[in-house]
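The lines below spell out each chain.
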Amino acid sequence: YTIRNMNLKKYIVAVFAFLTTIGAWAQNATSSPSSRFGYGELNDNLPGAYRAMGGVGIGMRSNKAINPAQPASYTACDSMTFMFDLGGSFLYTNYGDSYGQRNRLNGNLEYMTLQFPIWRQHIAFSAGVNPYSAVGYNFALSDSINSDYYYTKTYSGEGGFTQVYGGLSFNICDWVALGANVYYMFGEINKTRSLTFTDASLKAVNQSDKMTISSLRLRYGAQFFHTFGKHTIVLGGVFENKQRFSKSEYTQIESTTSDTVDMMDSAFEMPMMYGAGISYNYAGRLTLALDYQCQDWTKTLYFNQEDKLKVRNRWVFGAEYRHDPTSRDYAEQMYWRLGANYTTSYSLETAAPEIGVSVGMGFPLRTIGTVINTTFEYGHRGGFSGAELAENYLRFVVNASIAEHWFFKRKL
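Thresholds applied
- Residues numbered from 1 in each chain as written.
- Predicted model: local features only at pLDDT ≥ 70, side-chain atom pairs only at ≥ 80, totals over all residues.
- Heavy atoms only, no water.
- Helix = DSSP H or I, 4+ residues; strand = E, 2+ residues; numbered from the N terminus.
- Buried < 20%, exposed > 50% of the residue type's maximum accessible area, 1.4 Å probe, protein only.
- Contact = heavy atoms within 4.5 Å.
- Areas by Shrake-Rupley, 256 points an atom, 1.4 Å probe, with all protein chains shown as cover.
- 1 Å grid on protein atoms, 1.4 Å probe; cavity = no way out; pocket = protein on both sides within 12 Å on 5 of 7 lines; lining within 4 Å.
- Points joined across faces, edges and corners; volume = space filled by probe spheres on them.
- Nonpolar A, V, L, I, M, F, W, Y, C, P; charged D, E, K, R; others polar.
- Pairing = 2+ DSSP bridges.
- pLDDT = per-residue confidence, 0-100.
- Core = buried A, V, L, I, M, F, W, Y, C linked by side-chain atoms within 4.5 Å.

A.B. asks: What's the story with the overall build of the chain in this structure? I'm lost.
C.D. replies: A count of helices and strands for the chain gives three helices and 21 strands. Within the span of the chain, comprising 412 residues, buried residues form 47% of the whole. Restricting to contacts in the chain with at least 6 residues of sequence separation, those with at least 24 account for 66%. Taken as a whole, the chain presents about 20,400 Å² of accessible surface, with 59% of it coming from carbon and sulfur.

Here it is in structure tokens:
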């Protein structure tokens, strides 16, 4: 086998142009006050096509998408195809409570992944970089003590954890695939709190917290799949062990009249995670999928203590329809997607769940094996009464999934 001599310049230029565009808009990935708790907002690391289906992935198996959430899915790729996927997003959020309404706009590069076969359809490899969590908030609360001493509390934070992964998938027979991802996690989270008084005789108090981590972790996946005529069913499962960060540093600086610096030797862990999913496909045209995922944060060390966080549950449903991939009518070749999800928070400080719905379209390009996917998400987290903080957001996600036949036998 050899690699076909292709004109890669157009892809390199396109990638750098896309990165430049995203970088020009890029801010923190979130402005949510909810990201103040724990490690911030968590990312489920799904490709753009599955984001439009609510965020399914565990039971999804396709040669049109790179699915790092399910390492067993990599062998679904074509035995002669190299794939590259790049995605970015724009987020508009409205925050409301008894103090009023606020709006924020964020942009961010979502992920970069690649995938290619190693040995026909038996072994495949994938690698990439994507965020694990994001922290970004800045807000203030004012009140008084017995209407005598007026004060303002200010909270701000930024940062997050990023992960680089590499994964292998094996087809052990015609209907079973196993896979595993190795992640290298790294990042930094900075949080500050301050208390100031209108009375100049009362001293202000400021506290800065900085957390830095680096660690490895593993994810295991399995899929069972079979085709009955025009009907294909896929069952999938994923699992991660509870894992302590191999390196973590926590520094706290508190200042009043003088600075006090504490280097805390605190233990932090990642939770045990497990999930299951199922998908049904009819004739390559209609796909229905359902996922469940659980992260047990209650038994995870956070500042050397368990029970500082709670269980995070996630239920997802998604659907995709493509009328006729071989039709001359472009609309019949397009992908039409929709989905919904329900996620409970892992923070003890946040009782309300997050509810989201999504719709999207996939635009296949005629001349090259590329699909441009777009997703529109609406989500709500927080209370509905107006007395507590409520967040309503609109997110637009766009990704380019490039698939090219790089590997083929040279004809003599």
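A.B. asks: Looking at this structure, I do not really get the layout of surface pockets. What am I missing?
C.D. replies: Left-over empty space is what a probe sized like a water molecule reveals as it rolls over the atoms. In this structure, the largest pocket encloses a volume near 900 Å³. The wall of the largest pocket is formed by 38 residues, among which Arg-61, Ser-62, Asn-63, Ala-76 and Thr-232 lie closest to the centre. Elements with a contribution of two residues or more to the lining of the largest pocket: α2 (48–51), β6 (149–173), β8 (205–228), β9 (231–240), β14 (272–282), β17 (335–343) and β19 (370–382). Looking at the lining of the largest pocket residue by residue, the class counts come to 15 nonpolar, 15 polar and eight charged. Considering only enclosed or pocket space, the second largest pocket measures out at about 710 Å³ in volume. Along its surface, the second largest pocket is lined by 32 residues, and Pro-33, Ser-34, Asp-97, Phe-139 and Leu-389 are the ones closest to its centre. When residues of the lining of the second largest pocket are traced back to their parent elements, those giving at least two are β3 (81–97), β4 (100–119), β5 (123–145), β6 and β19. The element contributing the most residues to the lining of the second largest pocket is β5, with seven residues. In terms of residue class, the lining of the second largest pocket is built from 12 nonpolar, 12 polar and eight charged.

A.B. asks: Is there a simple way to explain unusual backbone geometry in this structure?
C.D. replies: Leaving glycine out, the prevailing phi sign among residues is negative, and the prevailing peptide bond configuration is trans. With a phi close to 55 degrees, Phe-303 is a non-glycine residue in the positive phi region. Its place among the elements puts Phe-303 in the loop between β15 (286–296) and β16 (311–321). One non-glycine residue with positive phi stands out, namely Asp-307, at about 60 degrees. As for its position among the elements, Asp-307 is in the loop between β15 and β16. Note on Asp-307: relative accessible area 55%, which makes it exposed.

A.B. asks: Hey, could you run me through the pairing of strand β18 (residues 354–364) in this one?
C.D. replies: If a strand is regular, its side chains alternate between the two faces of the sheet. By the bridge criterion, nine bridges tie β17 to β18 in an arrangement that is antiparallel. Bridge assignment links Trp-336 to a residue of β18, and that residue is Met-361. Pairing of β18 with β19 involves 11 bridges; the strand directions are antiparallel. Looking across to β19, one finds that Phe-363 is bridged to Ile-372.

A.B. asks: I keep staring at empty space enclosed by the protein and nothing clicks. Help me out?
C.D. replies: This structure, assessed with the given rule, holds five cavities of 30 Å³ or more. In this model, the largest cavity occupies a volume close to 820 Å³. In terms of lining, the largest cavity is formed by 46 residues, of which the most central are Glu-41, Leu-42, Glu-354, Arg-381 and Arg-395. When the residues that make up the lining of the largest cavity are grouped by side-chain class, the tally is 14 nonpolar, 21 polar and 11 charged.

A.B. asks: Looking at this model, I keep getting lost on the confidence of the model for the chain. Mind explaining?
C.D. replies: Detailed reading of the predicted coordinates is not advisable wherever pLDDT falls low. Considering every residue of the chain, the mean pLDDT works out to 87; 87% of them sit at 70 or more. Counting contacts from residues 1–9, a segment whose pLDDT is below 50, to residues more than four positions away or on other chains yields 18 contacts. With pLDDT under 50 throughout, residues 18–27 is counted as low confidence; its partners more than four residues away or in other chains account for 19 contacts.

A.B. asks: Any chance you could explain the nonpolar core here in plain terms?
C.D. replies: It is characteristic of soluble globular proteins that their nonpolar side chains tend to be buried jointly. Core analysis: the largest hydrophobic core is formed by 27 residues, its most contacted members being Tyr-39, Phe-161, Met-185, Met-211 and Phe-245. Elements represented by at least two residues in this core include exactly β5, β6, β7 (176–197) and β8. Formed by eight residues, the second largest nonpolar core is a distinct cluster that contains Ala-49, Tyr-50, Ala-65 and Ala-289.

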